Amino acid sequence: MFTGRSKIIKPEGKDVDEFESRVAQELFNLEMGTSPLKAQLSDLYITAAKAIDVEGGAAKAIVIFVPYKLLTKYQSIQKELVQELEKKFSGHHVVIIAQRTMMKKSYARNRKFNGPRPRSRTLKSVQEAILADLVYPTEIVGKRTRFSVDGSQVIKVHLNPKDQADVELKL
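Now for a description of the structure that goes with this document. (Residues numbered from 1 in each chain as written. Predicted model: local features only at pLDDT ≥ 70, side-chain atom pairs only at ≥ 80, totals over all residues. Heavy atoms only, no water.)

Some details on the packing of helix α1 (residues 18-32) against helix α4 (residues 78-88)
Packed helices, taken two at a time, are described by the angle between their axes plus the distance between the axes.
No. 1: Across the interface, α1 lies against α4 with an axial gap of 11 Å and an inter-helix angle of 120°. For α1 against α4, the interelement crossing comes out right-handed. Residues E26, L27 and L30 of α1 form the contact with α4, whose participating residues are L81, E84, L85 and K88. (Axes fitted to C-alpha atoms, helices over the stretch in contact; angles between N-to-C directions. Helix = DSSP H or I, 4+ residues; strand = E, 2+ residues; numbered from the N terminus. Left-handed = near helix turned anticlockwise from the far one by under 90°. Contact = heavy atoms within 4.5 Å.)

See below:
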């Protein structure tokens, strides 16, 4: 019998927890069902899933991590997939984020590869890309950073006004 275990691929030595297997099973059920997403989900998988409490405590969010190489395929069906998963996990918002790699400033390459650290692997670059993944159906048109005297930062993100109403419910 087929199970959702084929929909989650973890790195060597990492075990799948109960919540991740539940999310993978729901993806598998969508693929095996009569969903219009059936064809697109056949070659897609996830790397991790986490349930996160939102600050207000009013709702929870499910963050699904996907391989970076599959992100564009997920984004092509993201609207329908998120709607289906939010039906399955009622009361939870679903967000799809790419699994990205950050490298330290002191990154040292081996003999085979030399050169500086790629800009796409810096902390700031990865954080900005995750923010773009969070608000995916719309795009970020502006950002403002306010620095306080105590050293804290507040970042205000301005979204595209035509799609802003759809995304603000989740933020």
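The rest of the description comes next.
Section: the side chain of K7
No. 1: Within the element layout of this structure, K7 appears in the segment before α1.
No. 2: Separated by 2.4 Å, the side chain of K7 and the backbone oxygen of L41 make a polar contact.
No. 3: With residues near it in sequence (within four places) discarded, K7 still touches A24, L27, F28, E31, L41, S42, L44, Y45 and I46. (Polar contact = N/O pair within 3.5 Å; in protein donor to acceptor, adjacent residues only side chain to side chain.)

Overview of the pattern of salt bridges
No. 1: In this structure the tally under the stated criterion is 7 salt bridges.
No. 2: Across the salt bridge formed by E31 and K7, the nearest N and O atoms sit 2.8 Å from each other. One end of the pair, E31, is in helix α1; the other, K7, is in the segment before α1, and 24 residues separate them in sequence. The exposure classification of E31 matches that of K7, with both residues buried.
No. 3: A salt bridge links E20 to K10; the nearest nitrogen and oxygen atoms lie 3.0 Å apart. (Salt bridge = Lys/Arg side-chain N within 4 Å of Asp/Glu carboxyl O. Buried < 20%, exposed > 50% of the residue type's maximum accessible area, 1.4 Å probe, protein only.)

Topic: the sheet that holds strand β2 (residues 60-67)
No. 1: Strand order in the open sheet made by the 3 strands is β1-β2-β3, with mixed pairing throughout. A single partner strand is all that each edge strand has here, and the edge strands are β1 (48-53) and β3 (92-99). Neighbour-to-neighbour, the strand axes of this sheet turn through a mean angle of 25°, independent of strand direction.
No. 2: When β2 meets β3, the two strands line up parallel, connected through 8 bridges. From the neighbouring strand, V63 faces β3, where its bridge partner is V95.
No. 3: Each of β1 and β2 is contacted by α1, which is oriented at about 110° to β1, the strand it contacts most. (Pairing = 2+ DSSP bridges.)

Points about the nonpolar core
No. 1: V23, L41, I46, I64, Y74, L81 and L85 are the most contacted members of the largest nonpolar core, which totals 25 residues.
No. 2: If you list the elements that add at least two residues to this core, you get α1, β2, α3 (71-76), α4 and β3.
No. 3: For this core, the leading source of residues is α1, giving 5 residues.
No. 4: Setting aside its immediate chain neighbours within four residues, I64 contacts V23, I46, A48, A49, L85, V94, V95, I96 and I97. (Core = buried A, V, L, I, M, F, W, Y, C linked by side-chain atoms within 4.5 Å.)

So, the pairing of β2
No. 1: Most of β2 sits out of view: 7 of its 8 residues are buried.
No. 2: Where β1 meets β2, 6 bridges bridge the pair, whose relative direction is antiparallel. Counterpart to K50 in the pairing with β2 is V63.

Observations concerning α4
No. 1: Listing the buried residues of α4 in full gives Q78, L81, V82 and L85. The buried residues of α4 all sit within an arc of 95° when viewed along its axis, so they share a single face. Of the exposed residues in α4, the ones pointing more than 90 degrees away from its buried face are K79 and K87. (Arc of directions from axis to C-beta.)

Some details on the packing of aromatic side chains
Between two aromatic rings, the relevant description is the distance of the centres plus the angle of the planes.
No. 1: Applying the stated criterion across every chain, the model contains 1 aromatic pair.
No. 2: Judged by centre distance (6.3 Å) and plane angle (50°), the ring pair of F19 and F89 falls under tilted. With F19 in helix α1 and F89 in the loop between α4 and β3, the pair connects residues that are 70 residues apart, well separated along the chain. The exposure classification of F19 matches that of F89, with both residues buried. (Phe/Tyr/Trp six-rings, centres within 6.5 Å; stacked < 30°, edge-to-face > 60°.)

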